[in-house]
Amino acid sequence: MKKFFLISLGCSKNLVDSEQFFSLFLQLGYKHTSNKKYADIILINTCGFIQDAKEEAINTILDTAELKKKNLKKLIVTGCLVKRYKESLITEIPEVDVWIDLKDFEHLKTVLKKKTKSTIQINSQREILTPEHYAYLRISDGCDNHCSYCTIPSIRGKLTSEKLENLLKEAQYLADQGVKELIINAQDTTKYGYDLYGKSMLIELLKEIEKMKLFPWIRLLYLHPAHLSKKMIEDFKDLKTLLPYFDIPLQHINSSILKAMNRKIDKETIIENLNFLRQTFPHCAIRTTFITGFPGESRLFFAELENFINDFKFTRLGVFAYSQEEDTPAIHLPRKVLDKTAQKRKDTLMFNQMSISRILLSDFVGKTLDVIIDKKIEPEEFSPIDTTTPHGKLMKGFRDEFIHVFNGRSYLDAPEIDGRVLILVRSKNIKKINTIKKNKILPGDIVKVKILFSLIYDLVGEIL
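Colleague: Any chance you could explain the pairing of strand 6 (residues 134–138) here in plain terms?
Modeller: Within a regular strand, side chains alternate between the sheet's two faces. Most of strand 6 sits inside the fold, with five of its five residues counted as buried. Burial along strand 6 is two-sided: the face carrying Tyr134, Tyr136 and Arg138 and the face carrying Ala135 and Leu137 are both buried. Two elements, strand 6 and strand 9 (residues 181–185), share five bridges in a ladder whose sense is parallel. Bridging across to strand 9, Arg138 finds its partner in Asn185.

Colleague: Would you explain the environment of Lys376 in this entry?
Modeller: Checked against the element boundaries, Lys376 lands in strand 14 (residues 368–377). For the pair Lys376 and Phe406, spaced 30 residues apart in sequence, the C-alpha to C-alpha distance is 4.3 Å. Setting aside its immediate chain neighbours within four residues, Lys376 contacts His404, Val405 and Phe406.

Colleague: Explanation requested: helix 6 (residues 164–176) in the structure shown.
Modeller: In an α-helix there are 3.6 residues to a turn, and that puts residues three or four apart on one side. Compared with an ideal rise of 1.5 Å per residue, which puts 13 residues at 18 Å, helix 6 spans 19 Å between its outermost C-alpha atoms and is within 8% of the ideal. Those residues of helix 6 lying buried are Leu164, Leu167, Leu168, Glu170, Ala171, Tyr173, Leu174 and Ala175. On its buried face, helix 6 sits against strand 6, strand 9, helix 7 (194–197) and helix 8 (202–211).

Colleague: Before we go on, may I ask you to explain the pattern of salt bridges in this structure?
Modeller: Pairing of side chains with opposite charge becomes possible as their charged atoms draw close. Taken as a whole, this structure holds 24 salt bridges when the rule is applied. The salt bridge involving Asp141 is made with Lys103; its shortest N-O contact spans 2.8 Å. With Asp141 in strand 7 (residues 140–141) and Lys103 in the loop between strand 5 (98–99) and helix 4 (105–116), this pair connects stretches of sequence that are 38 residues apart. Its relative accessible area of 29% is what places Lys103 among the partly exposed residues.

Colleague: Is there a simple way to explain the sheet that holds strand 3 (residues 41–46) in this structure?
Modeller: Across a sheet, paired strands are connected by hydrogen bonds in the backbone, their directions being either parallel or antiparallel. Pairing within the open sheet is parallel, and its five strands lie in the order 2-1-3-4-5. What marks the edges here is a single partner per strand, and that holds for strand 2 (31–32) and strand 5. As defined by bridge partners, strand 4 (residues 74–79) adjoins strand 5 across two bridges and the pair is classed as parallel. If you follow Ile76 over to strand 5, its bridge partner there is Val98. Across the face of the sheet, helix 2 (residues 51–65) comes into contact with strand 1 (3–8), strand 3 and strand 4 while running at roughly 170° to strand 3. Packed on one face of the sheet, helix 3 (residues 80–92) meets strand 3, strand 4 and strand 5 and runs near 125° to strand 4.

Conventions used here
- Residues numbered from 1 in each chain as written.
- Predicted model: local features only at pLDDT ≥ 70, side-chain atom pairs only at ≥ 80, totals over all residues.
- Heavy atoms only, no water.
- Buried < 20%, exposed > 50% of the residue type's maximum accessible area, 1.4 Å probe, protein only.
- Helix = DSSP H or I, 4+ residues; strand = E, 2+ residues; numbered from the N terminus.
- Pairing = 2+ DSSP bridges.
- Contact = heavy atoms within 4.5 Å.
- Expected span 1.5 Å × (residues − 1).
- Salt bridge = Lys/Arg side-chain N within 4 Å of Asp/Glu carboxyl O.
- Axes fitted to C-alpha atoms, helices over the stretch in contact; angles between N-to-C directions.

Now the structure itself:
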């Protein structure tokens, strides 16, 4: 039986494509191997959104191509990078055997069936590549927002929403696979349904999923600030399983920069909506991202952004230095900012956020949070401990007496992009827990954890 290995790069939305590619391999009789050295075929699903992602994709292709000198029989590359640069890639990287256009599942079927001579019917099922207790539900692809710096519309095309009834079937499938945390994503989740129904159907979708009573946790990503209305925020209150976690990529706060970015919103409206969100959900987690060094970002405009972040104190925050991308309107804007300046500004914001995060997380010490278990970890996986600090001494004490340590996440933490909760189990408590859980604490279990202390981005607690 031929073996395959799949490498998925980029965002969680791209991962959904990878899961469909993975499923096709299995349906056509291939066996997955966890070691690419033993694969007959390697498929790389690339990202090509910004310069860093492009470099990662190229390096991954070149590194994998080295295996062709040994025993790899076929290298297939697909994804966003191929969509943007297919013709030049064919010329520059001849080691790749097959280039497959973005989401061209039919082409992959043709390539694989030539080898397997399979006559089976192929469906579009997904093979979940995340840990089995959480998965992504991509409710639409493409985007109609046309932010001036963004390549997504040229790569993924216009907004294409999935029919509501199909998403409910997919949600049922994910629940049947053991998913406990459903993470809803898209390029812009707030605009789900505009192309099919003439209006946003996000709230209707969430209500229908909740009626199915399948998932104890539902997490929502990528809420565009221009389409996040007060009415939508109020509707969120009626959803009992929707986590109070709101991912709202703002990108900037200066109104002139926002206009140049074509974000279709200004500073005053952003602040008004954010304040209303916090009034409606007083203990919510708000995640956002910003771009530094966008054309026209003067020192004064950057100071405005820095002050806004320091004042508002976001729970989770990411920053990107502006990446000039061909075929975007922003590349033609005047008053360019030097790359080193954009990077320095990014570093400044992230340094400031360390202090903000430390202060915000310290408020959870002594409180109890629901935490979903991701995995058991070994003591050596802990970061080095400074035993001269009070927290370090406490952590060292736990090292001397704990039996189990688990990685988990609270409502504050989306997988891969946010922090974690380190869950410690003392030896004196293990019998009690074993009696309840029949000697097992499993990934996907949602447990009560008392927070003992906080780190910069993580919390540390003890299971109750």
